[in-house]
Amino acid sequence: MSEAGPLGSDASNPLDAHGQAALVLVESLIHVLIQRCVLTLDEAIAVLDLALDSQKVIYDDAPSLRAEGAIALLSSIMASLETDLPK
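Within every chain, residues take consecutive numbers counted from 1 along the sequence as written. With the structure being a predicted model, the display of local features is reserved for residues of pLDDT at least 70 and the display and counting of side-chain atom pairs for 80 or more, all residues being used for whole-chain, interface and lining totals. To get the side-chain values, take all heavy atoms of the structure and skip hydrogens and water.

Asker: Honestly, the overall build of the protein chain in this entry has me stumped. Any pointers?
Answerer: Elements are defined by DSSP. Helices are runs of H or I of four residues or more, strands are runs of E of two residues or more, and each kind is numbered from the N terminus. Across its full length, the protein chain carries 3 helices and 0 strands. Along its sequence from the N terminus, the protein chain presents helices and strands in the succession α-α-α. In this analysis, two residues are considered to be in contact whenever any of their non-hydrogen atoms come within 4.5 Å of each other. Counting contacts in the protein chain only where the partners sit at least 6 residues apart, residues at least 24 apart contribute 57% of the total. If you sum the accessible surface of the protein chain, you get close to 6,200 Å²; carbon and sulfur atoms cover 63% of it. Note on areas: Shrake-Rupley, 1.4 Å probe, and residue coverage restricted to the protein chains presented here.

This is the structure in structure tokens:
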């Protein structure tokens, strides 16, 4: 029996693997760009906020597990960045 992936599909699906790898790569790039002062933390958060808002519009127009999963993944990246905010 196969396990469901984060977007509710078969975990062995190569498209899910590509998507997950791409997401990890983008999150890593964001962190590196911030560390190298190419992108500020506030700018990165603003970009993620825009992506989240866009994904929520997509979900509102056509609710799906995939859109819901995308919102959860973007929210996870946002939370990761927000831990770097000064307290």
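From this point, the discussion proceeds with the structure in view.
Asker: Can you help me understand the side chain of glutamine 55 in this one?
Answerer: By the secondary structure assignment, glutamine 55 is in helix 2 (residues 41-61). Partly exposed describes any residue whose relative accessible area lies between the buried limit of under 20% and the exposed limit of over 50%, with all areas from a 1.4 Å probe on protein chains only and scaled to the type maximum. Residue glutamine 55 is classed as buried on the basis of its relative accessible area of 16%. Apart from the residues lying within four places of it in its own chain, the contact partners of glutamine 55 are Ala67, Ala70, Ile71 and Leu74.

Asker: What exactly am I supposed to notice about the confidence of the model for the protein chain here?
Answerer: The predicted coordinates should not be examined in detail at positions where pLDDT is low. Each residue carries a pLDDT score, the predictor's confidence in it, ranging from 0 to 100. When pLDDT is averaged along the protein chain, the result is 85, and 83% of the positions lie at 70 or above. Within the protein chain, helix 2 carries the highest mean pLDDT (96), whereas helix 1 (residues 14-35) carries the lowest (88). Low pLDDT (under 50) marks residues 1-9, which in the prediction has 15 contacts with non-local residues, meaning those over four places away or in another chain.

Asker: Would you explain a nonpolar patch on the surface in this entry?
Answerer: Any residue with relative accessible area above 30% and no salt bridge may belong to a patch, with like charges joined within 9 Å and the nonpolar Val, Leu, Ile, Met, Phe, Trp and Tyr side chains within 5 Å. The term salt bridge refers to a side-chain nitrogen of Lys or Arg lying within 4 Å of a carboxyl oxygen of Asp or Glu. A contiguous nonpolar patch, built from Leu25, Leu29, Leu33 and Val38 and spanning about 370 Å² of accessible area, is present on the exposed surface. Residue leucine 25 is classed as exposed on the basis of its relative accessible area, which comes to 52%.

Asker: Mind showing me how you'd approach the nonpolar core here?
Answerer: Most often, soluble globular proteins keep nonpolar side chains buried together rather than apart. Here, nonpolar core refers to any group of buried Ala, Val, Leu, Ile, Met, Phe, Trp, Tyr and Cys residues whose side-chain atoms link them within 4.5 Å. Core analysis: the largest hydrophobic core is formed by 12 residues, namely Ile30, Ile34, Leu41, Ala44, Ile45, Leu48, Leu52, Ile71, Leu74, Ile77, Met78 and Leu81. Of all the secondary structure elements, the ones that give two or more residues to this core are helix 1, helix 2 and helix 3 (65-82).

Asker: Would you explain the pattern of salt bridges in this entry?
Answerer: Close approach of charged atoms lets side chains of opposite charge pair. Across all of its chains, the model carries 1 salt bridge by this definition. In this structure, the salt-bridge partner of arginine 66 is aspartate 16, at a minimum N-O distance of 3.9 Å. Of the two residues, arginine 66 sits in helix 3 while aspartate 16 sits in helix 1, which places them 50 residues apart along the sequence. Assessed through its relative accessible area of 47%, arginine 66 is described here as partly exposed.

Asker: What is the right way to read the packing of helix 2 against helix 3 from this model?
Answerer: The description of two packed helices rests on the angle between their axes and on the distance between the axes. Comment: axis = line fitted to C-alpha atoms, over the contacting stretch for helices; angle = value between 0 and 180 degrees taken between N-to-C directions. One way to put it is that helix 2 packs onto helix 3 with a least axis distance of 9 Å and a crossing angle of 165°. Relative to helix 3, the element helix 2 is oriented roughly antiparallel. By crossing handedness, the relation of helix 2 to helix 3 is classed as left-handed. Residues Leu41, Ala44, Ile45, Leu48, Asp49, Ala51, Leu52, Gln55, Lys56 and Tyr59 of helix 2 pack against Ala67, Glu68, Ala70, Ile71, Leu74, Ser75, Ile77, Met78, Leu81 and Glu82 of helix 3. In this classification, Asp, Glu, Lys and Arg are treated as charged, Ala, Val, Leu, Ile, Met, Phe, Trp, Tyr, Cys and Pro as nonpolar, and every other residue, Gly included, as polar. Here the contact of helix 2 with helix 3 is composed, by residue class, of 14 nonpolar, 2 polar and 4 charged. Roughly parallel covers angles under 35 degrees, roughly antiparallel covers those over 145, roughly perpendicular covers 65 to 115, and oblique covers all other angles. Crossing chirality is assigned from the near helix's rotation relative to the far helix, an anticlockwise turn below a right angle marking it left-handed and a clockwise turn marking it right-handed.

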